[in-house]
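One letter stands for each residue in the lines below.
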Amino acid sequence: MRRLAVRYAALGYLAVVLLAPISMIFWRIEAEGVGKAWSALTEADTVHAFKVTLILAAIAVPLNTIFGVTCALAIVRRRFPGKGLLNAFVDLPLALSPVVVGLSLFLLYGRTGWLGPSINIQVLFALPAMVLATVFVSVPFVAREVVPTLREIGDEQEQAAHTLGASGWQTFWRITLPSIRWAVIYGVVLTTARCLGEYGAVAIVSGGISGRTETATLRVQDYYENLNQAGAYGISLALCGVALVVLAVMTLLKPKEGAA
Amino acid sequence: MIVALPIAALVSSSRSDGWSGFWSSVSSPEAVAALKLTLVVAALVALTNAVSGTLVAWVLVRDEFPGKSVVNALVDLPFALPTIVAGLVTLALYGPDSPVGIHLAFTRAAIYLVLLFVTLPFVVRTVQPVLLELDRTMEEAARSLGARETAVFFRIVLPNVLPGILSGVAMAFARAVGEIGAIVILSGNLPFRTEVASVYVLEQSQSGNATGAAAVAVLLLAISFAVLLLIGAMRRVATRHERA
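What comes next is a walk through the structure.

Thresholds, definitions, all that
Residues numbered from 1 in each chain as written. Chains lettered and ligands numbered in written order. Predicted model: local features only at pLDDT ≥ 70, side-chain atom pairs only at ≥ 80, totals over all residues. Helix = DSSP H or I, 4+ residues; strand = E, 2+ residues; numbered from the N terminus. Buried ≥ 20, exposed ≤ 12 C-beta atoms within 10 Å, placed from the backbone. Contact = placed C-beta atoms within 7 Å. Core = buried A, V, L, I, M, F, W, Y, C linked by C-beta atoms within 7 Å. Domains from an automatic or database assignment. Axes fitted to C-alpha atoms, helices over the stretch in contact; angles between N-to-C directions. Left-handed = near helix turned anticlockwise from the far one by under 90°. Nonpolar A, V, L, I, M, F, W, Y, C, P; charged D, E, K, R; others polar.

## Some details on the overall build of chain A
Scanning chain A for helices and strands turns up 12 helices and 0 strands. Element order for chain A, N to C, with α for helix and β for strand: α-α-α-α-α-α-α-α-α-α-α-α. Along the first, second and third principal axes, the C-alpha set of chain A runs to 70 × 65 × 30 Å. In chain A, which comprises 260 residues, the proportion classed as buried is 45%. Expressed as a percentage of contacts within chain A between residues at least 6 apart in sequence, the contacts between residues at least 24 apart total 77%.

Next up, the structure:
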């Protein structure tokens, strides 16, 4: 009896907090008309916004993958002064408001900022600042997935490879990388999701110019504020579809990670 | 370079008018109202998560029912979904065209509800692994000695999962304090009523008051650092217990 009460309390909570809002996407698109949502999705500025989002992710994800793996190796395998600080800085974007990130970049590259006057290319309200913002907010994910795995596998195999004459590079490609690959992939999936969904940091540095610096998430707000509900829900549905794919990939990867 | 340099620029420009300038920006009535609202709502959200997150984690670990793996996967949805979409759908559910007849658009209650959505996974995901590894012989021993179910939960299970709950709650709190995407559409951003600190920073920076925005942003930064330090300290305490 009590078991069932607890089960339905938990499932009821999830249904109200999680499923009820999500199901609204479909309900509203039905109400606004599928055709209207589709035409908003295929509008030139919307297609461009999705392109910008993909470009940002295509730059930020590989960068953060390399950085995350390097960082995780440094944190787990090496001792150096300032290691605690590095650890804290890697986690910081998880706890920090994206708006703070955006504002920091805005001030750094703005007209009166430290780097603003000395750089000749347009950083703010253009792709470079948006890339920096996206990289910043998605820094932690790969490192955080890889660190525990590296700790767990230990370094016996790496030392064995060393004594057999393998170079550091060979050891990394043949021993370390294969044993952390699922953690890396899991981190990459999370990083991608974060890059696609970023709003706050990009909102400040991009200027949100339609057809130029607008990302998919900014486009949702743009449509909403211009009372084009069908468009806002259409893009939301597309982003929600991506999120579901991400969830599916994560679920598929989890058991494999445990078995490896 | 990517993380530290911008933050240094932020801190320095928040103090460009000296300490008194910093203080007058932070203590302007609108900023104070926004910060107060942010902290109160985030604390409420974190507390709700402490209970509901533990409950969901418990059911996912100890209960068996058809479709459990789907439910387990769906818990991560708020991490995968752009938060602006979360804001939009919450507005659809509780807004002017609400199908359930509840109108909460542009209220503080709506901010609370959408933050519950966004922070849902934190406590669940920190408590779940602890519950999975928990040795159940302790609970059986307590039961065989005549302890009732509530006593078993509060005296055996809860003390063991408490560090997990606390670090999940701390992360949920930090996230709730910093959240913007989910709130910016939903809250209407009425100064003194539904304007939270992150939206205040956005509005001030867009209307040219960079120093005022930076001052409040530095406070948010300090809160994030404090939360991270707290989690680090709790982790150290927890591992010390394990070794002892």
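Now that the structure has been shown, we can carry on.
## Focus on the nonpolar core
Counting 159 residues, the largest nonpolar core has A:Leu103, A:Ala133, B:Val114, B:Val216 and B:Ala217 as the members making the most contacts within it. The element that contributes the greatest number of residues to this core is helix H12 (residues 210–243) of chain B, accounting for 14 residues. A domain-level breakdown of this core finds at least three residues from each of domain 1 (1–32) and domain 2 (33–259) of chain A. Residues contacting A:Ala133, with those up to four places away along its chain left out, are A:Val101, A:Gly102, A:Leu105, A:Ala201, A:Val202 and A:Val205.

## Some remarks on the packing of helix H3 (residues 44–77) of chain A against helix H9 (residues 168–197) of chain A
All names here are of chain A. Here H3 crosses H9 at 145°, and the two axes come no closer than 9 Å. When the axes of H3 and H9 are compared, the crossing they make is right-handed. Packed against H3, whose contacting residues are Thr-53, Leu-56, Ala-57, Ala-60, Val-61, Asn-64, Thr-65, Gly-68 and Val-69, the element H9 presents Val-184, Gly-187, Val-188, Thr-191, Thr-192, Cys-195 and Leu-196 at the interface. Partitioning the contact of H3 with H9 into residue classes produces 9 nonpolar, 7 polar and no charged.

## Some details on the interface of chain A and chain B
At the junction of the two partners, chain A supplies 60 residues and chain B supplies 59 residues. Of all elements in the fold, only helix H1 (2–32), helix H4 (83–95), helix H5 (98–109), helix H6 (127–137), H9, helix H10 (200–206), helix H11 (216–225) and helix H12 (229–259) of chain A reach the threshold of two or more residues within the side of chain A that touches chain B. Of all the elements, H1(A) adds the most residues to the side of chain A that touches chain B, at 17 residues. Its residues assigned to classes, the side of chain A that touches chain B comprises 46 nonpolar, 9 polar and 5 charged.

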